[in-house]
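# Coordinate inspection notes
This is what each chain is made of:
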Amino acid sequence: MSRPKAGDILQLDLGDGQKGYVQVSEASLLIAFDVLTPADLAPEVLKDLDVVFAVHVRGDDLHRERWPVIGHFDVPGNLKGHPLMFRQDASTGRLSIAHPGLPGGEKAATLKECIGLERATVWSAAAVEERLRDHFAGRENRWLQELAIDLQRVPEDQLR
């Protein structure tokens, strides 16, 4: 199977006959739409839906036939490119914002700047499906909890 391209719409089987939908933004970045339905939706319907999250997915997961390509439309301008994401250094706890457009790919950041951003990490297909199921069920997601900023490790000068 060939790798999905930017703009491709993928259908996710979320169990119990329910489907979710994502769009490939670029490379391995996926945009998840706020829809859970037993119906096969036409890709055009997704254009007007809210986005739940945008995350990077393991490249080898995109090569598999787990998520069939069901259509294509251009990625909307406000969703093109990489979103800002945060990182937290494993040894120092220091925070930074990651983005390919930044010099060196990242810059130091305060806690306030990182709140609300996704952690810069790569998700498995199964974790994306679990996160969507949890979102629609109104449950906390264990991966989001694990990837959250560890507030106790943030250095004092970044707490502003």
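On a predicted model such as this, the values are computed, not experimentally measured, just so you know. (Residues numbered from 1 in each chain as written. Predicted model: local features only at pLDDT ≥ 70, side-chain atom pairs only at ≥ 80, totals over all residues. Heavy atoms only, no water.)

### Some thoughts on the sheet that holds strand β5 (residues 69–72)
The condition that has to hold: Two strands are counted as paired when DSSP detects at least two bridges linking them. By the criteria applied, helices consist of DSSP H or I runs no shorter than four residues and strands consist of E runs no shorter than two, each listed in order from the N terminus. Note on contacts: a residue pair is in contact if any heavy atoms of the two residues lie within 4.5 Å. Axes, fitted as lines to C-alpha atoms, cover a helix only where it is in contact. Angles between the N-to-C directions of the axes lie from 0 to 180 degrees.
The six strands lie next to each other as β5-β1-β2-β3-β4-β10, forming an open sheet whose pairing is mixed. Where the open sheet ends on each side, the last strands, each with one partner, are β5 and β10 (122–123). Direction of pairing for strand β2 (residues 19–26) relative to strand β3 (residues 29–33): antiparallel, over a ladder of four bridges. Note on β3: the bridge partner recorded for Glu26 is Leu29. Its contacts with the sheet put helix α4 (residues 125–137) on β1 (8–13), β3, β4 (51–57) and β10, and the angle it makes with β4 is roughly 165 degrees.

### Observations concerning the environment of Asp150
One can find Asp150 in the segment after α5 (142–147). C-alpha of Asp150 to C-alpha of Leu95: the two residues are 55 residues apart in sequence and 9.9 Å apart in space.

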